[in-house]
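Each chain, letter by letter, is given below.
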Amino acid sequence: MRRILFAVAAAGALSALGACTASGPEEVSTPGLADRGVTMTTVKPTRQDLANKVSLSGKVQLTPTFGLVAPIDGEIRYLDVKAATSTPTKPTKVANIWVNGKATPIEVPAGATFSGRLVDDRSKVTAGMPIVSAKQAGYGVVADIEGAQAYQISDKLESVQAQIKSGPGPFPCTVLGTLAALPAGTIPEPVTPTPNPSAPPTAAPPKVVGQPQQPSEPTGMRLVCVPPADVKTINGAAATVEVITARATNALVLPVEAVAGAQGKGKVDVIKADQTKETVEVTLGLSDGKVIEIKSGLTGDETVAVPGPNLPAAKNNGGGEPMPGFTK
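Quick caveat, the model's predicted, so the values are computed rather than measured.

1. A short note on the overall build of the protein
Piece 1. Each helix and strand in the protein was counted, giving 1 helix and 20 strands.
Piece 2. With 328 residues in all, the protein has 32% of them scored as buried.
Piece 3. Summarising the internal contacts of the protein: among those between residues at least 6 apart in sequence, 73% fall at separations of at least 24.
Piece 4. For the protein, the exposed surface amounts to about 21,200 Å²; the carbon and sulfur share of it is 55%.

Here it is in C-alpha cells:
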C-alpha cells in the first residue's frame, strides 16, 4: 500500500514538472517597449528654411472682376459714381465708412473701374467684408480657390508667382482685392433732381459720352493678380499660381509622417536610450507637405519614431478591430 502511494505522488510531481517545463513562465511585457525582433523606423529632427506654399490652377482673363473690403467696422455710405469714359489714371472714390463722425474713404485703385455695390447703402459693415466690386482694365491672372484651400490662404500673402502654361514665367503677380467670393454688384440709377415749376427753363444737361456702367456678376472664391507690363498675355491661356503664405528661416523640422496632429498642436513618439517610446506634445508651425516645423517641444537631439502616434495603418483592416490609437 505504501509503495502505491509513493508511486502516485511521484507521478504527480513529474506531471507538474513537465507542465512547467513545456509552457515556461509567462512573459511580462514592458509598456512602451517594442516587441522583440521588431525594427523601428526612426528619424532625427533637422533644420532648414521653410515656406508654406499653395498651388492654384488659373487662366489669363481680360478685365477680371475683383472685390474691395471694408478696412474697419462702421456704416457704409456710397457715393454716386459716374461712368468712366476712359481708364482711370487716379484712384476713384466710391464710398465712405463712418465711425463716430469720422469718414474713412473707399477708393477703387487707378487702372480699374467701379462695377458695383456689394451691400446696401448705410448698412453696418465689418472689417474684411467685401463692399465694392471693380474691374481691372486689361489682363489679369484669375485662379479659383477650392474650399479645402480657403483656410490655407489669407489676405496677408508673402508672395505670389505665376506661370503661363507653355508661355512666360514664373513672374511676380500683383494681387488685387480680396480672395472672398463676391455677390452680384448693383449700380443704382443716378438721382435726377425734381425741377422747380416756378424756375425759368434751363438748357438740358450735356450727355456723357461713354459706355453705361455694367454691374458685376457674382464670383466664387478666387485670386486675381496682375502680371508685369512686359509679360505677353493671351486671353484664356492656362496658368499656375503659386502662393507663399509664410516663411520660416532655420526651422526645426520633422517628416510629416512622424507627427500626429494639426492646427498648431501635435504629438511625436520619442525613442529613449532603453528603446522605450515616450509620446511628447509639440507645437507645430509651417509645412510644405513633406516636412513640418516643430516650434517647441523638442530640442533637436531626440530620435523620433515613424510613423507618429495615433496614425492609422496604410492598409484598411476591413472595419473589424479599430486601428491603434483609435476607438470605435
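2. Regarding the nonpolar core
Nonpolar side chains in soluble globular proteins generally cluster together in the buried interior.
Piece 1. Ranked by size, the top nonpolar core spans 22 residues in total, and within it Ile76, Val94, Val108, Ile131 and Val132 carry the most contacts.
Piece 2. If we skip the residues at most four places from it in the chain, Ile131 touches Leu68, Val69, Ala70, Ile76, Tyr78, Ile97, Ile106, Gly116, Arg117, Leu118, Val119 and Val125.
Piece 3. Of all hydrophobic cores here, the second largest spans 20 residues; its members include Leu56, Val141, Ile145 and Leu223.

3. Here we look at the confidence of the model for the protein
Piece 1. For the protein, the average pLDDT comes to 82, and 74% of its residues sit at 70 or higher.
Piece 2. Counting contacts from residues 13-31, a segment whose pLDDT is below 50, to residues more than four positions away or on other chains yields 0 contacts.
Piece 3. Low pLDDT (under 50) marks residues 316-328, which in the prediction has 16 contacts with non-local residues, meaning those over four places away or in another chain.

4. Remarks on the pairing of strand β11 (residues 159-164)
Piece 1. The alternating pattern of β11 places Val160, Ala162 and Ile164 on a buried face and Ser159, Gln161 and Gln163 on a face that is not buried.
Piece 2. Sheet topology places β11 next to strand β15 (residues 238-255); 6 bridges connect them, and they run antiparallel. Its bridge partner lying in β15, Ile164 is registered against Ala239.
Piece 3. Bridge count between β11 and strand β12 (residues 171-172): 2 bridges; the pairing is antiparallel. Along β12, the bridge assignment pairs Gln161 with Pro172.
Piece 4. The turn linking β11 back onto β12 is made up of 6 residues, and Ser166 within it adopts a positive phi angle of 60°.

5. Regarding the pattern of salt bridges
Piece 1. Scanning the entire structure with this criterion turns up 6 salt bridges.
Piece 2. Between Arg122 and Glu75 there is a salt bridge; the shortest N-O distance is 3.9 Å. Of the two residues, Arg122 sits in the loop between β7 (112-117) and β8 (124-125) while Glu75 sits in strand β4 (residues 74-78), which places them 47 residues apart along the sequence.
Piece 3. Arg122 sits in the exposed class, given a relative accessible area of 52%.
Piece 4. A relative accessible area of 17% means that Glu75 is categorised as buried.
Piece 5. Arg117 is the salt-bridge partner of Asp80, the closest N and O atoms lying 3.8 Å from each other. Remark: Arg117 occurs in strand β7 and Asp80 occurs in the loop between β4 and β5 (92-99); sequence separation between them is 37 residues.
Piece 6. According to the relative accessible area criterion, Asp80 is exposed, its value standing at 59%.

6. Comments concerning the environment of Val304
Piece 1. Assignment of secondary structure puts Val304 in strand β20 (residues 304-306).
Piece 2. Assessed through its relative accessible area of 0%, Val304 is described here as buried.
Piece 3. Separated by 50 residues in the primary sequence, Val304 and Leu254 place their C-alpha atoms 8.7 Å from one another.
Piece 4. Apart from residues lying up to four places away in sequence, Val304 is in contact with Thr41, Thr42, Val43, Leu254, Ala258, Val268, Asp269, Ile271 and Leu298.

Parameters and conventions
- Residues numbered from 1 in each chain as written.
- Predicted model: local features only at pLDDT ≥ 70, side-chain atom pairs only at ≥ 80, totals over all residues.
- Heavy atoms only, no water.
- Helix = DSSP H or I, 4+ residues; strand = E, 2+ residues; numbered from the N terminus.
- Buried < 20%, exposed > 50% of the residue type's maximum accessible area, 1.4 Å probe, protein only.
- Contact = heavy atoms within 4.5 Å.
- Areas by Shrake-Rupley, 256 points an atom, 1.4 Å probe, with all protein chains shown as cover.
- Core = buried A, V, L, I, M, F, W, Y, C linked by side-chain atoms within 4.5 Å.
- pLDDT = per-residue confidence, 0-100.
- Pairing = 2+ DSSP bridges.
- Salt bridge = Lys/Arg side-chain N within 4 Å of Asp/Glu carboxyl O.

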